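Coordinate inspection notes
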Amino acid sequence: MCSTFLAIPIIIFVLNIALLVWVARDAKARGMDSAVLWMILVMFTSVIGLLIYIFSRPQGNLIRCANCGNNRLQASVKCPHCGSA
Ligand SMILES: [Zn+2]
């Protein structure tokens, strides 16, 4: 029973890390220079920071870059990862 209570904070911690990684990857894919700032904001404000991020990020579909395989905005002129057009 004790291990169940121990597991809950660990699960929350892991989910938080996963969320921060997602924000960083999503911000990078959208060509934002401020990925680290958004990570810090979400780390301290959690869901509120996540909502602010989702509304203020460049909107549009993410597609897989044919050159490097990372996600990039469909409307972007250049891939933020490899710089290919
Ligand atoms: Zn690329």
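The sections below set out a description of the structure shown in this document. (Residues numbered from 1 in each chain as written. Predicted model: local features only at pLDDT ≥ 70, side-chain atom pairs only at ≥ 80, totals over all residues. Heavy atoms only, no water.)

Turning our eyes to something else, we now look at the packing of aromatic side chains. Inspection of every chain in the model, using the stated rule, returns 2 aromatic pairs. Ring centres of tryptophan 22 and tyrosine 53 lie 6.3 Å apart, and the angle between their planes is 90 degrees; on these two criteria the pair is classed as edge-to-face. Of this pair, tryptophan 22 sits in helix α1 (residues 2–29) while tyrosine 53 sits in helix α3 (residues 47–56); the two residues are 31 residues apart in sequence, bridging distant segments of the chain. Look at tryptophan 22 and you get partly exposed, because its relative accessible area is 38%. Seen in terms of ring centroids, tryptophan 38 and tyrosine 53 are 5.3 Å apart; in terms of plane orientation they differ by 65 degrees. Their pairing is edge-to-face. Taken together, the residues tryptophan 38 in helix α2 (residues 35–45) and tyrosine 53 in helix α3 connect sequence positions 15 residues apart. A single burial state applies to tryptophan 38 and to tyrosine 53, both of which are buried. In this structure an aromatic cluster arises from ring pairing among Trp22, Trp38 and Tyr53. (Phe/Tyr/Trp six-rings, centres within 6.5 Å; stacked < 30°, edge-to-face > 60°. Helix = DSSP H or I, 4+ residues; strand = E, 2+ residues; numbered from the N terminus. Buried < 20%, exposed > 50% of the residue type's maximum accessible area, 1.4 Å probe, protein only.)

What follows covers the nonpolar core. Core analysis: the largest hydrophobic core is formed by 9 residues, namely Leu20, Val23, Ala27, Met32, Ala35, Trp38, Val42, Leu50 and Tyr53. If you list the elements that add at least two residues to this core, you get α1, α2 and α3. Apart from residues lying up to four places away in sequence, methionine 32 is in contact with Ala27, Trp38, Tyr53, Arg57 and Pro58. (Core = buried A, V, L, I, M, F, W, Y, C linked by side-chain atoms within 4.5 Å. Contact = heavy atoms within 4.5 Å.)

Here the focus is the coordination of the zinc ion. Around the zinc ion, the protein supplies Cys65 (SG), Cys68 (SG), Cys79 (SG) and Cys82 (SG) as donor atoms, at distances of 2.3 Å. Given 4 donor atoms and angles of 107 to 114 degrees at the metal, the environment of the zinc ion is assigned as tetrahedral. Accessibility expressed as a relative area gives 33% for cysteine 68, which makes it partly exposed. (Donors = N, O, S within 2.8 Å, 3.2 Å for Na, K, Ca; no water. Tetrahedral: all angles 85-135°; square planar, octahedral: opposite > 155°, others 65-115°.)

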